[in-house]
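# Observations on the model geometry
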Amino acid sequence: MANIIDGKLIAKEIREKVALDVEAFKAKGVEPRLAVVLVGNDPASVWYAKSKKKAAEKVGILYDFYELSSETEQEEVEILVDRLNQDENVHGIMIELPLPAQLDKDKIMGMVDPLKDVDGVNPINRGYILQGSEGLFPATPESCIECVLSTGIDMTGKKAVIVGRGETVGKPLVFMLLKYNPTITVCHSRTKNLAEEVKSADVVIAAVGRAGLITGDMIKEGAIVVDAGVNEVEGGGYVGDVDYESAEKVASHISPVPGGVGSLTTVLLFRNLIKGMGLQGK
Ligand code: NAP
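Attention here is on the structure that accompanies the text. Note that the structure is predicted; figures quoted are calculated from it, not measured.

Attention shifts here to the pattern of salt bridges. Going through the model one piece at a time under the given rule, you end up with twelve salt bridges. Here R271 and E146 are joined by a salt bridge, their closest N and O atoms 2.9 Å apart. Placement of R271 in helix α10 (residues 265-279) and of E146 in helix α6 (residues 139-149) is noted, with a sequence separation of 125 residues between them. Given the relative accessible area of 28%, R271 is considered partly exposed.

What follows covers the pairing of strand β8 (residues 224-227). What you see with β8 is no split at all: I224 and V226 on one side and V225 and D227 on the other are buried throughout. Bridging between strand β7 (residues 203-206) and β8 involves four bridges; their strand directions are parallel. What sits directly across from I205, in β8, is V226. Two elements, β8 and strand β11 (residues 253-254), share two bridges in a ladder whose sense is parallel. Residue pairing for β11: V225 is matched across the bridge by I254.

Cut-off values and rules
Residues numbered from 1 in each chain as written. Predicted model: local features only at pLDDT ≥ 70, side-chain atom pairs only at ≥ 80, totals over all residues. Heavy atoms only, no water. Salt bridge = Lys/Arg side-chain N within 4 Å of Asp/Glu carboxyl O. Helix = DSSP H or I, 4+ residues; strand = E, 2+ residues; numbered from the N terminus. Buried < 20%, exposed > 50% of the residue type's maximum accessible area, 1.4 Å probe, protein only. Pairing = 2+ DSSP bridges.

Following this line, the structure appears as C-alpha cells:
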C-alpha cells in the first residue's frame, strides 16, 4: 500500500512560513494585500474565490474581492486591472478563470503586472519559466512539484511522465520540473500508447480531467503518482484522473483527490504574493 502524499500537511508547513513572512512585512509597516477579480458567477470560481478569502484572513493577508457581472465589457476589466497595477497598496492580483466569452482573456492576463501576478499567467512570467530565471510561477504545477518533493525523492535521472499538456497545469509543469533533472515525457490525447508510457515512469503526474484514465495496471511498482485532475462525480464530490483504489496498491506514494494537489494551491498563491513583494522591493 502506497504512502499518502498529504496535501493538507504540506500546505500547513508552507502556511506557517507564509504567516511569519506576513508578520515580518507588517512589522515594517507594509500590509500584504491580494486583489481577486471575478467576472460572472461560475459556481466553482465563486467557491474558490470565497475559500481564498478565508484562507488569506487566516494568515493575515488583506483580501479585496472584486465581483463583476457576467456582462462586464473588456474596457471595464482593463481599467480595473490598470488601477490595481498602479495601486502601491495592492501587492498581488488574481483574475479568476474562466472569463466570460466577450472578454479577451489573453489580453487581460497580459496586463497583470508581472510582479503582482500571483498565479503566473502573464506571458513574461511564462517566459521566465522557459528561461529558468526567477519569476512568479503558476500555483497548480508548483503544487504538483511540492507533492513530488515531499516524498524526498531525488528526481535526477529518473523518468517523469506528465499526462496532459494544458496551459494551466501540464505545459508549464514540463519546464518547471526540468529544474530537478528528471527525463521527461509528455503525454496527451494523441499519444499512441499511454499505458506503455506511464508504465515506464518513476514519477507520474496526471493533469487531464478524465476520471479513471490512469489505472493501477499502468503504473510501475514503486512509482510516485501525483494527481492534479479534478472531475465531478454524479451525486456530488470529485475524483482525480487516477483510479486511486488500484493505483495505491502499486505506487510507493500517491496524492489523493481531494486532499492532494488541490489542498496546496491557495497557500502557494500566498507564497507567490510574498515572493512578488520581495521582487517589488517592499
Ligand atoms: P486542459 O487544458 O483541458 O488540458 C487537458 C490535457 O489533457 C490536454 O493536453 C489533453 O490533450 C489531455 N488529454 C485529454 N484526453 C486525454 C487522454 N485520453 N489521454 C491523454 N491525455 C489526454 O486541462 P488543464 O486546465 O491543464 O487542467 C488539467 C486538470 O487539472 C483538470 O482536471 C483540471 O480540473 C485540473 N486542475 C486542478 C487544479 C487544482 O487546484 N487541483 C487547478 C487547475 C486545474 P490535448 O492537448 O491533445 O488535447
